Amino acid sequence: MLLQIVALAAILTAAQCFQLNMTQFYEMPQLYDLDDYDRCMQELDGQTSTYCFVRAQVQPNESVAAWRAIVEISRYDRHHFDHRQLYFGLCLRECEASLAALDDSELESLQAGLLSDNEKVNVYLGLFAMESQNREQHQRLTSACLNWRLKQRGFNLRAKSVVEYCDEAGHVVQDDTWNLTFYGILFGLLVLACVGSLVDLLLKRRRHDKMLKERDHYKTPPKSFVQQLLLTFSVARNWYRLNQEPNGKIGRELRFLDCFKFFSMFMVIFAHTNWVIYESAISNPQDPERLLHTAAGTLLVSGSLITVTFFVISGLLLTINWLAVARTVQAKAESWTFLQYAVLFVKFNVFRYIRLTVPYAFVLLLSGVYFENASGPLWRHIYEREQLACRRNWWTNLLYINNFVRTDERCLLQGWYLAADTQSFVLSLVLLMLGHRFAKWSKQLYAVILAIFMALPVLLTYALDYYPIFVPTPQTQKDSFIGDRQFTEFYTSSLMNFGCYFCGVLAALAYDQLALQQYKLRELRSFQLLWFALIPVGILWLFSAHPIFQHYAAPSAIWGAIYAGLQRNLWAFGLSIFIVGMAGKVGWIFRKFCCLPIFRILGRLTYGAFIIHLLVARIVLATVREPIYFGTGMMFAFIFFTVTVSYLCSFLLAIFLELPVSSLLKLMR
């Protein structure tokens, strides 16, 4: 089996569906043309300098070789950028100097028109509505300037254009209500942390039991409720909470999930950092385009299955918590009333909402803060666009409806997962309660629900003509998924993902029954063979999208719809079996590795890293001054930096906010 996998990987890596004609490629203009930003802003002290970021779209001209190259290369849209879309950073002083020798008729000939019919560009223009005066003032100059450059460099092309925004030298960021609110909350958290830590230190110094170990002090709550409230913000106590070992039999058996969460989060950051690199300026777009034509490109596209891991784990943990609470209530009362179900439903949702939303809201607030920065020609295009979206649409995130409301102006784009997960959580909790209330029919209920949500992606894909797999094309990523129907309706919809979530629910129910019957999976040789076989089968399944992604012949509508229904749901089903097996202590050295203590902390920091990692990636890549070279070394340098800083930020978020909120919720129960 291993030899077959190696052989398949070698064949797929060697096979390419398209050989990029580099002679033709260099007939096209570069995607980015950025003047020296710092020189433009700093060279003439005391004088106003203006630097404009301009979006342009090349107009058809079949008689020009450059246009024919653009058409030929851009038609492979799943693998290539749209080379009609150009991005200019123009120092207006340099533009004026380059056009000074031209007469009025020549200047007029350089006007190709206003770019007003590009819906994705219009979303940016809507967010930067405050730049309307700059657009009106500088439109003719920037249009003439960029078309003059295209002419002078021998491309003989004309492009419609529009000013996205302009920066002026000496601009100072003014603090507003949003900024002051963030600073006030940050100051309050620091004060609470200091007070809580000092109270904790005083209690430790005054303790009378000298035999009590330091760790035991931080595990022992004080008797006073006021002291308990203050100690929720103690830095030292929160460190011990972060590092404490899992409690109970279930916690010990499922501790491997921390490793799953960390490595899944690493892959998510890997994919999202690549996306932000695409959104930034790349000097060699031909290299990532060629990469996507290989098996490595198929893996990058199939990597979206990693998100399924979080849906499965979330469904699993919900069900385990529900079973624990249900048994506690059952021990007190034989029969349940509707009111008891309603109270539990509200408590589950309210506690989950507070636990997730408080740190999430803090990061949302941070995302909208204007602050003095290193700036750069792309800063506003990459980072401020997110700030403006957060200030305008923060409420969609806090209501967890941002996966279907105002999807073209997303704040924290990765927040779609939290929305879909929340919607799946609510529906799953209702189903678990129905299964509990009508226990006699629970198996039939769960079977019907599983069948419905396994079939639903098939039906929706066929009826709504979705592509069988989610393909984050280079241009789609460069446009931050604006206007991408496949991303909004196919990939981020809770309807398309609920089957995966429910697989986690069923995995927890299976694990619970095995635990009650004390069934030892590790002693069942046939299950061990199945469990280990899931590893190579999972790798092969990632490559199953290769023919669909790499070939441009349209797949059969029926078979494409069937594959769309199977791709994520079968991965979730296999992952559920894998998790149940590992919970049953199957896995040998794999399980031992996943249970290493280091993953205890990293796994608990995963949520914070998830909500903050795109902010980190954007800050890093938005400060570039010129197009960067996209290579393996550069890519992994950005990825490892983003991972490291994201987890460090998550650590601070956990110590000062996430863990205190969790402790406060425990006091409220």
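Residues numbered from 1 in each chain as written. Predicted model: local features only at pLDDT ≥ 70, side-chain atom pairs only at ≥ 80, totals over all residues. Heavy atoms only, no water.

As annotated in an unreviewed UniProt entry, the protein chain is Blast:Nose resistant to fluoxetine protein 6 from Drosophila guanche.

A. Local environment of the packing of helix α21 (residues 442–463) against helix α27 (residues 557–583). Running from amino to carboxyl end, α21 crosses α27 at an angle of 145°, the nearest separation of the two axes being 8 Å. Taken as a pair, α21 and α27 cross one another with a handedness that is right-handed. Contacts between α21 and α27 involve F453, M454, P457, V458, T461 and Y462 on the former and, on the latter, A557, I558, A561, I562, A564, G565 and N569. Partitioned by chemical class, the residues of the contact of α21 with α27 number 10 nonpolar, 3 polar and no charged. (Axes fitted to C-alpha atoms, helices over the stretch in contact; angles between N-to-C directions. Helix = DSSP H or I, 4+ residues; strand = E, 2+ residues; numbered from the N terminus. Left-handed = near helix turned anticlockwise from the far one by under 90°. Contact = heavy atoms within 4.5 Å. Nonpolar A, V, L, I, M, F, W, Y, C, P; charged D, E, K, R; others polar.)

B. Molecular detail of the nonpolar core. Among the nonpolar cores identified, the biggest contains 163 residues, and F256, F260, W322, I579 and Y647 are the most heavily contacted of them. Once residues lying within four places of it in the same chain are set aside, the contact partners of W322 are W336, Y341, L344, F348, L429, L432, M433 and H436. (Core = buried A, V, L, I, M, F, W, Y, C linked by side-chain atoms within 4.5 Å. Buried < 20%, exposed > 50% of the residue type's maximum accessible area, 1.4 Å probe, protein only.)

C. Expanded view of the pattern of salt bridges. This model, assessed by the stated rule, comprises 27 salt bridges. With its nearest N and O atoms 2.9 Å apart, the salt bridge here joins D38 to R625. Note that D38 is positioned in helix α3 (residues 37–42) and R625 in the loop between α30 (606–621) and α31 (632–668), a separation of 587 residues in sequence. Overall, the relative accessible area of 26% leaves R625 in the partly exposed class. In this structure, the salt-bridge partner of D258 is K261, at a minimum N-O distance of 3.6 Å. Of this pair, D258 and K261 are both found in helix α14 (residues 257–279), 3 residues apart, which corresponds to roughly one turn of the helix. A network of salt bridges, in which partner residues are shared, links D33, D35, R149 and R153. (Salt bridge = Lys/Arg side-chain N within 4 Å of Asp/Glu carboxyl O.)

D. Region of interest: α14. The end-to-end C-alpha distance of α14, which contains 23 residues, comes to 33 Å, matching closely the 33 Å that a straight helix rising 1.5 Å per residue would cover. In terms of burial, α14 is a largely internal element, 19 of the 23 residues being buried. (Expected span 1.5 Å × (residues − 1).)

E. Main features of a nonpolar patch on the surface. On the surface, I535, I539, W588, I589 and F590 cluster together into a nonpolar patch covering about 500 Å² of accessible area. Looking at the nonpolar patch, the elements that each hand over two or more residues are α25 (525–542) and α28 (589–594). By secondary structure assignment, the location of F590 is in helix α28. Looking at F590, the relative accessible area reads 38%, which means it is partly exposed. (Patch = residues over 30% accessible without salt bridge, like charges linked within 9 Å, V, L, I, M, F, W, Y side chains within 5 Å. Areas by Shrake-Rupley, 256 points an atom, 1.4 Å probe, with all protein chains shown as cover.)

F. Region of the structure containing the packing of aromatic side chains. Considering all chains together, one arrives at 51 aromatic pairs under this definition. For the pair W416 and Y491, a centre-to-centre distance of 5.0 Å together with 55° between the ring planes defines the contact as tilted. Residue W416 is located in helix α20 (residues 416–437), and its partner Y491 is located in helix α23 (residues 485–491); the two are separated by 75 residues in the primary sequence. One aromatic cluster is present, formed by W275, F310, F311, W416, Y417, F470, F481, F487, Y491 and F610 through successive ring pairs. Taking NZ or CZ as reference, R55 lies 5.0 Å from the ring centre of Y124, over its face. (Phe/Tyr/Trp six-rings, centres within 6.5 Å; stacked < 30°, edge-to-face > 60°. Lys NZ or Arg CZ within 6 Å of the ring centre and 35° of its normal.)

G. Spatial organisation of the sheet that holds strand β4 (residues 159–168). The strand order β1-β3-β2-β4 describes an open sheet built from 4 strands, whose pairing is mixed. The open sheet has two edge strands with one neighbour each: β1 (32–34) and β4. Direction aside, neighbouring strands of the sheet carry axes that sit 15° apart on average. Note that strand β2 (residues 50–58) and β4 share 9 bridges and pair antiparallel. Residue pairing in the sheet places A56 in a bridge with S161 of β4. Each of β2 and β3 (85–91) is contacted by helix α5 (residues 92–99), which is oriented at about 90° to β3, the strand it contacts most. Along the sheet face, helix α19 (residues 379–398) touches β2 and β4 and points at about 75° away from the line of β4. (Pairing = 2+ DSSP bridges.)

H. Structural detail: the state of the cysteines. Considering all chains together, one arrives at 4 disulfides under this definition. The residue that forms a disulfide with C40 is C91, at a sulfur-sulfur distance of 2.2 Å. Residues C40 and C91 share a disulfide whose torsion about the S-S bond is about 85°; that sign makes it right-handed. Pair noted here: C40 is in helix α3 and C91 is in strand β3, with a separation of 51 residues, a long-range link. Each disulfide pairs two cysteine sulfurs, and for C52 the partner residue is C166, the sulfurs being separated by 2.0 Å. Disulfide C52-C166: torsion about the S-S bond near 100°, hence right-handed. Of this pair, C52 sits in strand β2 while C166 sits in strand β4; the two residues are 114 residues apart in sequence, bridging distant segments of the chain. Of the two residues examined, C52 and C166, each falls in the buried class. In the protein chain, the bonded cysteines, taken in the order they occur along the sequence, pair up as 1-3, 2-6, 4-5, 7-8. There is no disulfide at C259, and the cysteine sulfur nearest it, in C594, is 3.6 Å away. (Disulfide = S-S within 2.5 Å.)

I. Region of the structure containing the pairing of β3. For β3, a buried count of 7 out of 7 residues is recorded, marking the element as mostly surrounded by other parts of the structure. Across the two faces of β3 the burial is the same, with Q85, Y87, G89 and C91 and L86, F88 and L90 all buried. In the sheet, β1 pairs with β3 via 3 bridges, with the strands oriented parallel. Looking across to β3, one finds that Y32 is bridged to Y87. Here β2 pairs with β3 via 7 bridges, running antiparallel. Residue pairing in the sheet places V54 in a bridge with F88 of β3.

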